Amino acid sequence: MQYVKECLQLLYWIFCKPYTLNQHVQDLHSELGQVSLKVIYLRSPATQISALLKRYDNQSWWLSILSPVACFFFLALPIQAIFHVFYRTNHPYFEWWISCFLLFGWIVGQVFTRAIRRIVKHNPLWTFVTAVILLIFLSGFLSKFIADNMLGVAVLTVIFGIGFSTLLSASYSNMVMVAAGVTYGIIAGLLALSEQSAAGVLIGVSFIAPSSVVFGIVFGLIISRITVILVGVIGCIGLSMVFGMTFSLVAGVSGGILWMLGLLRLYFWIPELFWTVLLKFVSISPVRRLHFLPTQFDQLIYLPLPFLPGFIAEAYQDNQAAARQTIDYLVTSTNQQKVAKQAISRIAVEELNRCQSAGGIAAIKEQLNWVADTQQSAGLGACFEISQDVTAALEGSSFYRQAQQLDKILQKIERHRNALATASAREATAFGSVLDSWQRILETARRILREQAKNSNEIPQVYLAGPALDPNKAGPLFKGRSDLFRQIETLTLSTQHPTLVMHGGRRSGKTSTLNYLPKWLPSDILPLLIDGQSLATTSTLSGFAEDFTEQLIRSARRAHSLKLPALDSVTQSDDPFVTLRRWIDAVEQAVPEKTLLLCLDEFERLDEIVRTTDSRAPLNFLRHLIQHRDRWTLLFTGAQTPEELPAYWSDYLINCETLRVSYLAEADCLELIQHPVEDFPDIYPPAVAHAIRNLTGGQPYFTQLLCHELVEQLNKKKEKIVQMDDLETVLPAVFERGYQVFREFWETLTNEQRELLLAVAEERETTEEERRAASLLVRKEILAPERRAGSGWLFRVPLLCRWIVEGRSPKRSTLKGFNNISSG
């Protein structure tokens, strides 16, 4: 009785819980590792390790023999009884002997293959080859004794059963053959219902080839296995010889359909569908409903079942552990990974929509951290990213900094909402509503934080000392340069537009000016920015061409929302600039009636490309744009003037117009100091603001740096007004924070220039040799030409003088003379 119980459990596992069976087999012995059920053969190495495995193999073999017999009687006898009871007839005529011969052939084939496995040492390939050879020999031998009578039909029927059984079992394990046997038994039962199964033998033999080949191949392609194709061919040959061509065609098609339905397990899915619908309308707790899901009893459900993701999501609200356990089960022990993913997505969306505050948004990523290990959609990933950003924002050191971080997050939400336009309709709808809700919540939080910042003693830190200003981030923090923008516009739109060279000292705002060009120039001028530092990292002409076009495409997309055409591959091209010129033609066609302003920042770095590639082809290409492309204007930006460049540059900077990026005018500098952004508090008395301007000379970077440290000091002291003494107090912090900039400035000077600056800073007489270096320093706006007793020059940026003195001498200098300096 125990053996029968084990066989029934094994039969249930094979059909409904193969994942459980596979895990159980692996757990039987630690040395097995990842053992597939397909390699569990009688006396195979795996079965030799564990006696229980051998027992399972024997049980599955017996099931593979008995399952078609059981299915045959389960199908054929009830149908025969139904016809007899309701129609008072024995039709359809029951061909007992045909079915018995088919089942006998199946059993013989199973025994036959089991014996072959022992001979060939369980090698699947040799088992299959040996089975095919013996079947061919057996068919050829028996064909001599087959007559056109019932005995011949019986023999062919047995051969068909042997072939079908042998070829399948030669390629599959006993456990898989149990499922195959069930299908075989159903086919045998349907064949037995034929009324005239013995008719048409002679006609069938005449058309063996076409029927067997066509339907054998079709039958095999359904399963996409060579083995099954051969089985189908041999099966249709046998059917044609036994039952005739017409019946063999019907049987071949019917067998293929039955096999396919068997693979889809339609006979299980239909009751499971009704059961699932019943669960939807039965009054039962969501958590308890999880225990009755069809997936708990059947791990192989190939056809979809409704409501499963909703059941899991509903249960998650009552018992998160139970819902997550069900999801883990679906992922690891069933083929319902898609259902698990849908349930996770639904749970995540519902939890995201429940957020009612910024704190709730910040906590959502930690709350749903278990989802991070699963496959995420783009919308879910975006929400996790925003949650993490909100967490960081709420950790800000002040109300203003928190509100400032929320500004960036709201911009990111807008970008993610635009990105959902390319997502699926379901994802766009679900996560679009989440982002809309979060946007309203964070806007409210930002407004509250701004009000709290105003009511507190904190001064908002808005000054940016260091990177070039970005219009999307810095906004109104960029001041002045209107005359420079107007000059660029006039020269660009002139009939004979020249090549523009915009030069200025380091940290004077050249790159920031380029970044703000799109906001100041009219729409018929299209500025496109290229970073010379990025170009200098390329080591080949092909790399130069690719980076050149990629930067232009990104610039057009970022600053103008324009999509320029892509560049054809130039990696293997002998002359990438031919392809590059064709790309320029395509760009001109994509943006008609626009003047293209090519802004090449740090253009001096092109010297490195010339040296690396030993070619002036990049410069020749730029000259081609200057001379032969009327719609293109080139704007070179760098720290050097054309006179300071190598001699060969004179051939390329033809018809050149120079523009200087100087220090900020007094009004613009005071605007930056006192009103960097809208609603900035009035913390600078007029005298202090002018002192700051005089100390920095209107140099943008040093002005931002000094104001940044003054705001930091006010917040530390919890004061609201900058005093004159604060300028002296913050200088050490200014020198420390800006050390790399001061050091870079000093390293770019020659020894003669350094000696001259030391002499001017220390207010001593200069030598004739030192004075010869003064003209270049004046052109670079480091020194002012005004006369002064003992030296003859003044620092345009007195802050540099303080750094030189305090960095070179232990004595302290004062702010004496700062109010006598003008920026010009």
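Residues numbered from 1 in each chain as written. Predicted model: local features only at pLDDT ≥ 70, side-chain atom pairs only at ≥ 80, totals over all residues. Heavy atoms only, no water.

Now for the overall build of the protein. Along the protein, the regular secondary structure elements total 38 helices and seven strands. Per-residue burial over the protein gives 49% buried out of 824 residues. In the protein, 72% of the contacts between residues at least 6 apart in sequence involve partners at least 24 apart. (Helix = DSSP H or I, 4+ residues; strand = E, 2+ residues; numbered from the N terminus. Buried < 20%, exposed > 50% of the residue type's maximum accessible area, 1.4 Å probe, protein only. Contact = heavy atoms within 4.5 Å.)

Linking two cysteines covalently through their sulfur atoms gives a disulfide. What the rule picks out here adds up to zero disulfides. Left without a disulfide partner, Cys355 is nearest to the cysteine sulfur of Cys383, which lies 8.9 Å away. For Cys355, a relative accessible area of 5% puts it in the buried group. (Disulfide = S-S within 2.5 Å.)

Turning to the pattern of salt bridges, a few remarks are in order. Counted under the stated rule, the structure contains 25 salt bridges. Arg506 is paired through a salt bridge with Glu744; the nearest N and O atoms lie 3.9 Å apart. Residue Arg506 is located in the loop between strand E1 (499-503) and helix H24 (510-520), and its partner Glu744 is located in helix H34 (residues 739-747); the two are separated by 238 residues in the primary sequence. Its salt-bridge partner being Arg754, residue Glu747 comes within 3.8 Å of it at the nearest N-O pair. Judged by its relative accessible area of 45%, Glu747 falls in the partly exposed class. Residue class for Arg754 comes out buried when judged on its relative accessible area of 19%. Taken together, the shared-partner salt bridges connect Glu385, Asp389 and Lys412 into one network. (Salt bridge = Lys/Arg side-chain N within 4 Å of Asp/Glu carboxyl O.)

Relative to each other, helix H18 (residues 358-367) and helix H21 (residues 425-455) sit at 125 degrees, their axes nearing to 9 Å. Overall, the two elements H18 and H21 adopt an arrangement that is oblique. In contact with Ala358, Ile361 and Ile364 of H18, H21 contributes Trp438, Ile441, Leu442 and Ala445. Looking at side-chain class alone, the contact of H18 with H21 contains seven nonpolar, no polar and no charged residues. (Axes fitted to C-alpha atoms, helices over the stretch in contact; angles between N-to-C directions. Parallel < 35°, antiparallel > 145°, perpendicular 65-115°, else oblique. Nonpolar A, V, L, I, M, F, W, Y, C, P; charged D, E, K, R; others polar.)

Take the packing of helix H30 (residues 666-674) against helix H32 (residues 700-717) next. Any two packed helices are characterised by the angle at which their axes cross and by the distance between the axes. Look at H30 against H32: their axes get within 10 Å of each other, and the N-to-C directions meet at 25 degrees. If you check the angle between H30 and H32, you find them roughly parallel. Relative to H32, H30 is oriented so that their crossing is right-handed. For the pair formed by H30 and H32, the contact residues are Cys669, Leu672 and Ile673 on the first element and Thr703, Gln704 and Cys707 on the second. Here the residues of the contact of H30 with H32 sort into four nonpolar, two polar and no charged. (Left-handed = near helix turned anticlockwise from the far one by under 90°.)

A word on helix H28 (residues 606-613). The complete set of buried residues in H28 reads Leu606, Asp607, Ile609, Val610 and Thr613. Angularly, the buried residues of H28 cover 160 degrees about the axis, an arc narrow enough to put them on a single face. Taken together, the buried residues of H28 touch helix H25 (532-536), helix H26 (541-560), strand E3 (595-601) and helix H29 (617-628). Note on H28: the residue one or two positions beyond its end, Asp614, has a positive phi of about 55 degrees. (Arc of directions from axis to C-beta.)

Once that is clear, we can look at the environment of Val339. Mapped onto the fold, Val339 is located in helix H17 (residues 337-353). With 32 residues separating them in the primary sequence, Val339 and Phe307 have C-alpha atoms 9.6 Å apart. When neighbours within four sequence positions are excluded, Val339 is seen to be in contact with Leu308, Pro309 and Leu330.

Attention now goes to the nonpolar core. One finds Tyr684 and Leu757 to be the most contacted residues of the largest nonpolar core, which totals 77 residues. A per-element tally of this core places H32 first, with eight residues. In this view, Tyr684 contacts Tyr463, Ile673, Gln674, Ala689, Ile692, Cys707, Leu710, Val711 and Val722; residues no more than four positions away in its chain are not counted. Grouped together as the second largest cluster of nonpolar side chains are 54 residues, Tyr316, Leu420, Leu435 and Leu449 included. (Core = buried A, V, L, I, M, F, W, Y, C linked by side-chain atoms within 4.5 Å.)

Moving on, we get to the packing of aromatic side chains. The geometry of an aromatic ring pair comes down to the distance between the two centres and the angle between the two planes. Taken as a whole, this structure holds 19 aromatic pairs when the rule is applied. Relative to Trp803, the ring of Trp746 lies with its centre 6.2 Å away and its plane at 65 degrees, an arrangement referred to as edge-to-face. Placement of Trp746 in helix H34 and of Trp803 in helix H38 (residues 798-808) is noted, with a sequence separation of 57 residues between them. Judged by its relative accessible area of 3%, Trp746 falls in the buried class. The buried category is assigned to Trp803, whose relative accessible area is 10%. Over the ring of Tyr701 we find Arg507; its NZ or CZ atom is 5.4 Å from the centre of that ring. (Phe/Tyr/Trp six-rings, centres within 6.5 Å; stacked < 30°, edge-to-face > 60°. Lys NZ or Arg CZ within 6 Å of the ring centre and 35° of its normal.)

On average, residues of the protein score 77 in pLDDT, and 71% of them are at 70 or above. The spread of mean pLDDT over the elements of the protein runs between helix H9 (residues 201-206), the lowest at 33, and helix H31 (residues 686-696), the highest at 95. For the stretch residues 193-231, pLDDT sits under 50, and the model shows 80 contacts to residues farther than four places along the chain or on other chains. (pLDDT = per-residue confidence, 0-100.)

Next up on the list: the side chain of Thr637. Relative to the assigned elements, Thr637 resides in strand E4 (residues 632-638). What Thr637 contacts, discounting residues up to four positions off in sequence, is Met502, Lys510, Leu514, Leu600, Asp601, Glu602, Phe603 and Glu604.

Moving on, we get to the pairing of E4. In terms of burial, E4 is a largely internal element, seven of the seven residues being buried. With burial as the criterion, each face of E4 is covered, one bearing Trp632, Leu634, Phe636 and Gly638 and the other bearing Thr633, Leu635 and Thr637. Bridge count for E1 against E4 is four bridges, and the pairing is parallel. Within the sheet, the bridge partner assigned to Met502 lies in E4 and is Thr637. (Pairing = 2+ DSSP bridges.)

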